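# Secondary and tertiary structure notes
In case you want the letters, here they are:
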Amino acid sequence: MEPIELRHRARRAYELGRARLGAKAAGAALLIAAAAVALGRPPELTALLCAALAALVAALAFRGGASARAVTAGLAAGSGAMLLPLVLMTAGCSMFGPASMRFCVPACVVAGGVVGAALALLAAREEHGAREFLLAGIAVAAVTASFGCTLGGAAGVVGMALGTVAAGAPVWLAARAHR
Amino acid sequence: MDRGARAALQREMCRLADGDRAAFEPVFAALWPVLRAFAARALPVPAEAEDAAQCALIKVFSRAAEFDASREALPWALGIAAYECRTLRKARSRRREELRAPPEPADERTSEDAAIERDLVAAAAEVMRGLSVLDQETLLAAGRGERESSSTFRKRLERALARFRKQWRARHGAD
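The rules behind each value
- Positions within a chain are numbered from 1, following the residues in the order the chain's sequence is written.
- Written order decides the labels, with chains lettered from A and ligands numbered from 1.
- A pLDDT threshold of at least 70 governs which residues receive local features in this predicted model, and a stricter bar of 80 or more applies before side-chain atom pairs are shown or counted, although totals over entire chains, interfaces and linings include all residues.
- Water and hydrogen atoms were dropped before computing side-chain values, which therefore reflect all heavy atoms in the structure.
- Where helices and strands are cited, they refer to DSSP runs of H or I of at least four residues and of E of at least two residues respectively, numbered from the N terminus.
- Per-residue accessibility, obtained with a 1.4 Å probe over protein chains only, is compared with the maximum for each type, and a residue is labelled buried under 20%, exposed over 50%, and partly exposed between these values.
- We call two residues contacting when some pair of their heavy atoms lies within 4.5 Å.
- Under the convention used here, a 1.4 Å probe and the Shrake-Rupley method define accessible areas, while residue burial counts only the protein chains that appear.
- Think of a patch as exposed residues, more than 30% relative accessible area, with no salt bridge, where like charges cluster within 9 Å and nonpolar side chains (Val, Leu, Ile, Met, Phe, Trp, Tyr) cluster within 5 Å.
- Just to be clear on terms, a salt bridge is a Lys or Arg side-chain nitrogen sitting within 4 Å of an Asp or Glu carboxyl oxygen.
- His is not counted here, nor are the chain ends, while Lys and Arg score as positive and Asp and Glu score as negative.
- Working definition for charges: the position is that of NZ of Lys, CZ of Arg, CG of Asp or CD of Glu.
- Expected helix span is taken as 1.5 Å per residue step, with the number of steps being one fewer than the number of residues.
- Side-chain rings of Phe, Tyr and Trp (the six-membered ring for Trp) are treated as a pair once their centres are within 6.5 Å; stacked means planes under 30 degrees apart, edge-to-face means over 60, and tilted covers the remaining angles.
- Each ring is checked for a lysine NZ or an arginine CZ that lies within 6 Å of its centre and within 35 degrees of its normal; such an atom marks a charge sitting over the ring.

### Topic: the overall build of chain A
Scanning chain A from N- to C-terminus turns up 6 helices and 0 strands. When the 179 residues of chain A are sorted by exposure, 45% land in the buried category. Long-range contacts, defined as pairs at least 24 residues apart, comprise 77% of the intrachain contacts of chain A with a sequence gap of at least 6. Here chain A displays about 8700 Å² of accessible surface, and carbon together with sulfur accounts for 73% of that area.

See below:
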C-alpha cells in the first residue's frame, strides 16, 4: 500500500472511530427516551425529542473537543432534571390527584437551576473551551430534561431554561472569578 | 523512540483522542516508523511485517477516539501491533499445517502395482496348473463365490487350499 493511500485509510479509520463514538452517545439518548416512555411520557412527543437529542449528541461527540466532553455531563444533568418532574407527578398523582400538575412548573425551574449550576461548575474546570463546554452541555441537558419538563407544557420547558440561566450564570461567573 | 518523542506522541495522541484533527499528521508521522520497525522485528517475512504494521496503524487510528489519556500512547500502540503480528503468525502456521496434511489415498494404481499383480496372477496360475482338475475347479468356484454350503465342499476346499499352499511354498518359498 502506498503511503498516501495508507494515510487516507488511517484518516478514514479515525473518522469512523469518531462516528462510532457518536453512535454510542445516540444510543444513550435512546435509552433515556425509553426510560421516559416507561415512566409514562407520550411516545410520539418523546420520539420527536429523542430524534433531536440523538442527532445533537452524535454530532457533538463526532466533532470532539470540549463539546464532546460536555455530552456525558449534559446527558447526566438532563436526566436528573427530566426525572424530577416525572417523579413528582407520579407521587403527586397518588397524593393530590390531577391538581398535582401545579407542582410541575416549579419542579422544572428547580431542575433547570440544578442543571445550570452543575454544568457551570464543570465548565469552569475546563482548561480549554469552557464556553463551548457550557453551551453544548446546556443544549444537551435542555433537550434531555424536556422529556420530563414538557409535562408542564411550554411553560415547563421555559421554566427549566430560566432556572438554568438563573442558577448557572452566577455559578459560572463565580467559578471563573475564583480561577 | 527517545523520551522527548514519547512525550510528544503522548500529547498528540491525547489531542487526537479529544477530536483535534490537527493532531492526525504528527501522530501518523511518529507512529508509522515505530510500528513498521516493531513488525519487522516480530515477523521474519518482510511482506508480512509490512501487512501487520499497516493493519496495526489502521487499528490504532480506528480506536484513537477511545484512547484513554491516562495510559501511555506508545505501549498502547505497540500492544495493538503485537496483537496483529501474533494473528498473522497464527494464520501462517495454520496455512503451513494445512499444507503439511497427508494427502488423500489415491484411487489410481501405479504401473508398479499393476505389474506386481500381473506377476502374482501368473505365479498363481502356474501353481494351479500343478494341481488336480478337481482341486482347480474347487478353488475357481470358491474364487468366483460359488461356494456350496455342504460340508463336503468345505472339506474339499480345505484340502485343495492346503495342496495349493504346499505347491506355492515349494515354488516360491513363502505363503
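### Details of a positive patch on the surface
Together, Arg86(B), Arg89(B), Lys90(B) and Arg94(B) give the surface a local cluster of positive charge. Mapped onto the secondary structure, Arg89(B) falls in helix 4 (residues 73–100).

### A short note on helix 1 (residues 3–38) of chain A
With 36 residues, helix 1 of chain A should cover 52 Å at 1.5 Å per step; its first-to-last C-alpha distance of 52 Å lies within 8% of that length. One or two residues past the end of helix 1 of chain A sits Gly40(A), with phi positive at roughly 105°.

### Describing the packing of aromatic side chains
Where two aromatic rings form a pair, the distance of their centres and the angle of their planes describe that pair. With the rule as written, the count across this model stands at 5 aromatic pairs over all chains. Measuring from ring centre to ring centre gives 4.7 Å for Phe24(B) and Phe61(B), while their planes differ by 45°; the resulting arrangement is tilted. Placement of Phe24(B) in helix 2 (residues 24–42) and of Phe61(B) in helix 3 (residues 46–62) is noted, with a sequence separation of 37 residues between them. When its relative accessible area of 1% is taken as the criterion, Phe24(B) is described as buried. Taken together, the ring pairs connect Phe24(B), Phe28(B) and Phe61(B) into an aromatic cluster. The ring centre of Phe24(B) lies 5.2 Å from the NZ or CZ of Arg11(A), which sits over that ring. Over the aromatic face of Phe62(A) sits the side chain of Arg21(B), whose NZ or CZ is 5.0 Å from the ring centroid.

### So, the environment of Gly17(A)
Note that Gly17(A) resides in helix 1. When its relative accessible area of 0% is taken as the criterion, Gly17(A) is described as buried. Expressed as a C-alpha distance, the spacing of Gly17(A) and Phe62(A), which sit 45 residues apart in the sequence, is 8.7 Å. For Gly17(A), the contacting residues outside a window of four places in its chain are Ser62(B) and Ala65(B).

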